[in-house]
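Descriptive structure summary
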2 protein chains.
Amino acid sequence: MPVNLPSIENQILPPVQGVRLGWAEANIKKANRKDLLVIEVCDGTRVSGVFTQNRFCAAPVHICKKHLAAGQQIKALVINTGNANAGTGEQGMLDAQQTCEVLAQHLDVSANQVLPFSTGVILEHLPMDKLLAGLEPAVARLQADDWHAAAWSIMTTDIVPKAHATQCSIAGTTVQVTGISKGSGMIHPNMATMLGYLATDAAISQALLDEITKEIADLSFNCISVDGDTSTNDSFIILATGKADNPEITSRDDEGFDVLYSALLKSSQYLAKAIVRDGEGATKFITINVDGARTQHEAKTIGYAIAKSPLVKTAMFASDPNLGRVLAAIGYASRDCDSLNDLNVDNVQLYFGDTLVAESGGRAASYNEQAGQQIMNKAEIEMTVKLNRGSENATIWSCDFSYDYVKINAEYRT
Amino acid sequence: MPVNLPSIENQILPPVQGVRLGWAEANIKKANRKDLLVIEVCDGTRVSGVFTQNRFCAAPVHICKKHLAAGQQIKALVINTGNANAGTGEQGMLDAQQTCEVLAQHLDVSANQVLPFSTGVILEHLPMDKLLAGLEPAVARLQADDWHAAAWSIMTTDIVPKAHATQCSIAGTTVQVTGISKGSGMIHPNMATMLGYLATDAAISQALLDEITKEIADLSFNCISVDGDTSTNDSFIILATGKADNPEITSRDDEGFDVLYSALLKSSQYLAKAIVRDGEGATKFITINVDGARTQHEAKTIGYAIAKSPLVKTAMFASDPNLGRVLAAIGYASRDCDSLNDLNVDNVQLYFGDTLVAESGGRAASYNEQAGQQIMNKAEIEMTVKLNRGSENATIWSCDFSYDYVKINAEYRT
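On a predicted model such as this, the values are computed, not experimentally measured, just so you know.

So, the relation of the copies chain A and chain B
Turning chain A through 180° and shifting it by 0.0 Å along the axis lays it on chain B, with an RMSD of 0.0 Å. A rotation of that kind, with that shift, is consistent with a two-fold axis. When each C-alpha of chain A is compared by its distance to the rotation axis, Tyr403(A) comes out closest, at 2.8 Å. Interface residue correspondence from chain A to chain B reaches 100%, placing this contact among same-surface, isologous pairings.

Rendered as structure tokens:
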């Protein structure tokens, strides 16, 4: 089961003015499950997105980028699970395009006002008859108050749906932020098989929304790793409908910018961490802080070296404080970051929880394994690497590696 | 069990003139197993080594580099398993130094004529009383014809010992090459928890030996990956005693250079691949060829992205030809190699065995999954990625990811 992730049934997920949601059971991969979601937004909605950097990016990612670049008012998003429409060549592009066209007809808009998203198995063509047949019931179900069902509709190997909502107050107006995410395998930054959709009724300019969408992705979804694999389909979208009565925010100095930024970041980090908590086979949630790096790249590279190490991850699964493996991972991070070639390991300190484990190139004299074992027995584990060579820092969220990870991924297509 | 790795009991491992081997059961981690090896070499032996690039490299690695740099005649190597003497700070350096001193007394040489090596758990101090007590029986057992026992003596989580021998003829003289290696986890290039020792009686100059030792490591031990973790202790050593009667080889144009180079490379590649065949939990041996890259770095980065992907490795374990995961790994390799940012995936071809799987950004029209399944059912799997953008290529050897990998590494210290 996911690590300390409350059921969304206990969460209140208020509607966002200007956003309606509709789902269908389209039988794309399996019968009797919600696997298709339409999100409709009102005129005036600002839409900004961040997409996978995988060179084999999926057809819908290409179409999304094209439609966003065209600058027409986006009116709807359509998301299917069960098939990624990736590694599908020209036919894949035609399929994604046709999905937009058919949904556009249902909504009486044009195809380039629709953004398509897919997640699931790679290298197989979309079952277009099933997908297209699902669009009509999804449109028929469109309603504002259905975020719970929306979260269910975009899952793949996720055990639980993921959602978050928060409010903030701007110039006396209450602004709503509600979002959903999915993903539990092929999770690594830039970005992972993860989809994230955050909607707010705040009024914010397109230019500023574009700017902060990238920043927020870097501080949330780009700080997680389940297995080090970057997916072909990852997308993170912020929708800002402008239906709240706040004066439009156009600069970072405007009233309300800070609270809106904080609210969006809070929801994004919750949704990103939820993916790790529901990481395939995860039994532990691991927070890795790296302090005192010369650059962000140094801090993130070391954080990810630890987060990705199968040896660290299996030790965590076993609740074995075999922390030498963490030192080894710090030591080889220079493979992916040249500036770490002069890392002086004598200056590195490793804390496990609040306990100093290693310093001066070796085990701290004060450390005893009993202390390490106590921390290791918990489901939430935090470690801090102090490099003591600069002022940059980063935090990476990760999980352990269990028998179930192998089982889930060995049996994924069966 | 290891993948297609013949038992060394069926291998003839001839002595190398000028080399003697002696082992002991020193109880370093477990009782009743060979865990200490002394290799003694005659005067005139040229010794060359390649070591881990991990910044947290172990104390014995520091001492090895120092003793090799000092330029005195190396007389002996001492290798213990069960403890890596890594992450052990200044005490670790003193322990490695003392090991050299005590062995030097036994052999009546000086301490800086000894090279120490350790492998095993990190962050714990060597049990020096046990290790030092083991040196006397190891020295007492020194004999030329004992490579089988030597291979047993350096194992950690290895299921089977690894050794190889070959001969070549230089100017009418038969030259012997015999070697051993160990390692099955924390295996990734530059270098992995792997130790490799190759001895030959060929006469070759120190300068030329140094040059080719690095090259041969790059074409063998630096082409393998089990889990992507680079160890703190990896070392690859070639010993050339000069006891064969061949005229000393001092340049690449000399008679016999090519055959000696080929013989050393053959043994090194056998020993490197043996580590993968005995990879922790391995059930498949995977060869990944990358052709048509612009640079070696591009080719190796893509090969390693595939080799390291937990999703590819678990699909291989399940014999599931879910080859979209290979495309995804090719696609995200640009994370670690900037020049791949302009990789045109429409030009990439993926072959599974001899079968074309993907081209033009998608599944090949001729591909059917039955063909993929037939190849996937085998224990030896070869795939070829043709990038069609240059003339560089690389081959990476890897293995799958099984329940047993998790089991072995979760229970490593129990």
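Now that the structure has been shown, the text picks up again.
Focus on the domain arrangement of chain A
Residue and element names in this part refer to chain A. Domain annotation of chain A identifies domain 1 (8-277) and domain 2 (285-410). Relative to domain 2, the C-alpha centre of domain 1 lies at a distance of 32 Å. Taken together, the contacts link 10 residues of domain 1 with 11 residues of domain 2. At the level of elements, β9 (224-225) and α6 (257-277) are the ones that each hand at least two residues to the side of domain 1 that touches domain 2. A per-element tally of the side of domain 1 that touches domain 2 places α6 first, with three residues. Here the residues of the side of domain 1 that touches domain 2 sort into four nonpolar, four polar and two charged.

With respect to the interface of chain A and chain B
Put simply, an interface is often sized by how much accessible area is lost when its parts join up. Between chain A and chain B, the contact holds 60 residues from the first and 60 residues from the second. Within the residue set of the side of chain A that touches chain B, elements represented by two or more residues are α2 (89-107), α8 (310-317), α9 (324-332), β14 (362-363) and α11 (403-410) of chain A. By residue number, the principal contributor to the side of chain A that touches chain B is α9(A), which donates eight residues. Here the side of chain A that touches chain B is composed, by residue class, of 27 nonpolar, 23 polar and 10 charged.

Description of helix α1 (residues 59-70) of chain B
Residue and element names in this part refer to chain B. Over its 12 residues, α1 runs 17 Å from end to end, which matches the ideal 16 Å to within 8%, given 1.5 Å per residue. When α1 is considered as a whole, its buried residues turn out to be Ala-59, Pro-60, Val-61, Ile-63, Cys-64 and His-67. Tucked inside the fold, the buried residues of α1 contact β3 (46-51), α2 (89-107), β5 (114-121) and β10 (235-240). One or two positions beyond α1, positive phi appears at Gly-71, with a value near 80°.

Points about the sheet that holds strand β7 (residues 173-182) of chain A
Residue and element names in this part refer to chain A. Spatially, β3-β10-β8-β7-β6 is the arrangement adopted by the five strands of the open sheet, whose pairing is mixed. Two strands lie at the open edges of the sheet, namely β3 (46-51) and β6 (162-170), each paired on one side alone. Strand-to-strand twist across the sheet, computed as the mean angle between neighbouring axes with direction ignored, equals 15°. Relative to β7, β6 is paired through nine bridges, and the arrangement is antiparallel. Bridging across to β7, Ala-163 finds its partner in Ile-180. Most of the contacts of helix α1 (residues 59-70) go to β3, to which it runs at about 140°, and overall it touches β3 and β10 (235-240). Of the strands in this sheet, β3 and β10 are in contact with helix α5 (residues 206-218), which crosses β3 at around 30°.

With respect to helix α3 (residues 128-140) of chain B
Across its 13 residues, α3(B) extends 19 Å between first and last C-alpha, which sits within 8% of the 18 Å expected from 1.5 Å per residue. Residues of α3(B) that are buried in the fold lie against β1 (19-24), β2 (36-41), β4 (76-83) and α2 of chain B.

With respect to the sheet that holds strand β15 (residues 380-386) of chain A
In space, the seven strands of this open sheet follow the order β9-β16-β11-β15-β12-β13-β14 (chain A), with mixed pairing throughout. Unpaired on one side and paired on the other, β9 and β14 of chain A mark the two borders of the sheet.

Here's the deal with the environment of Met93(A)
Residues and elements named next belong to chain A. Mapped onto the fold, Met-93 is located in helix α2. Residue Met-93 is classed as partly exposed on the basis of its C-beta count, with 19 C-beta atoms lying within 10 Å. Between the C-alpha atom of Met-93 and that of Ala-58, which follows or precedes it by 35 residues, the distance is 8.6 Å.

Observations regarding the packing of α8(A) against helix α11 (residues 403-410) of chain B
It is at 8 Å that the axes of α8(A) and α11(B) come closest, and there the two elements cross at 70°. As judged from the angle between their axes, α8(A) and α11(B) are roughly perpendicular. Taking contact as the criterion, the partners of Leu311(A), Thr314(A), Ala315(A) and Phe317(A) in α8(A) are, on α11(B), Val406(B), Asn409(B) and Ala410(B). Residue composition of the contact of α8(A) with α11(B), by class: five nonpolar, two polar and no charged.

Concerning unusual backbone geometry
All names here are of chain A. In this structure, Asn-85 is a non-glycine residue whose phi angle is positive, near 45°. Turning to its location among the elements, Asn-85 is positioned in the loop between β4 (76-83) and α2. The phi dihedral of Ser-319 falls on the positive side, at around 55°, and the residue is not glycine. Tracing the chain through its elements places Ser-319 in the loop between α8 and α9.

A short note on the nonpolar core
One recurring pattern in soluble globular proteins: nonpolar side chains tend to sit buried together. Counting residues in each nonpolar core, the largest one holds 266 residues, and the members touching the most others are Ile330(A) and Ile330(B). Aside from chain neighbours lying at most four places away, what touches Ile330(B) is Phe56(A), Ile302(B), Ala305(B), Ile306(B), Val348(B) and Val385(B).

A word on the confidence of the model for chain A
All names here are of chain A. For chain A, mean pLDDT is 91; residues scoring 70 or higher make up 95% of the total. Contacts of residues 187-192 to residues separated by more than four positions or lying in other chains number 34 contacts, the stretch itself having pLDDT below 50. Reported confidences for the modelled complex are a pTM of 0.82 and an ipTM of 0.74.

A closer look at the pairing of strand β8 (residues 195-200) of chain A
Residue and element names in this part refer to chain A. Burial analysis of β8 places six of its six residues in the buried class, the great majority of the element. Residues Leu-195, Tyr-197 and Ala-199 line one face of β8 and the alternating positions Gly-196, Leu-198 and Thr-200 line the opposite face, and both faces are buried. As judged from the six bridges shared by β7 and β8, these two strands associate in the antiparallel manner. Its bridge partner being in β8, Ile-180 is matched across the sheet by Tyr-197. Two elements, β8 and β10, share six bridges in a ladder whose sense is parallel. Counted as the bridge partner of Thr-200 is Ala-240 from β10.

Reading the values: rules and limits
Residues numbered from 1 in each chain as written. Chains lettered and ligands numbered in written order. Predicted model: local features only at pLDDT ≥ 70, side-chain atom pairs only at ≥ 80, totals over all residues. Least-squares fit on C-alpha atoms with pLDDT ≥ 70 in both. Contact = placed C-beta atoms within 7 Å. Domains from an automatic or database assignment. Helix = DSSP H or I, 4+ residues; strand = E, 2+ residues; numbered from the N terminus. Nonpolar A, V, L, I, M, F, W, Y, C, P; charged D, E, K, R; others polar. Expected span 1.5 Å × (residues − 1). Buried ≥ 20, exposed ≤ 12 C-beta atoms within 10 Å, placed from the backbone. Pairing = 2+ DSSP bridges. Axes fitted to C-alpha atoms, helices over the stretch in contact; angles between N-to-C directions. Parallel < 35°, antiparallel > 145°, perpendicular 65-115°, else oblique. Core = buried A, V, L, I, M, F, W, Y, C linked by C-beta atoms within 7 Å. pLDDT = per-residue confidence, 0-100.

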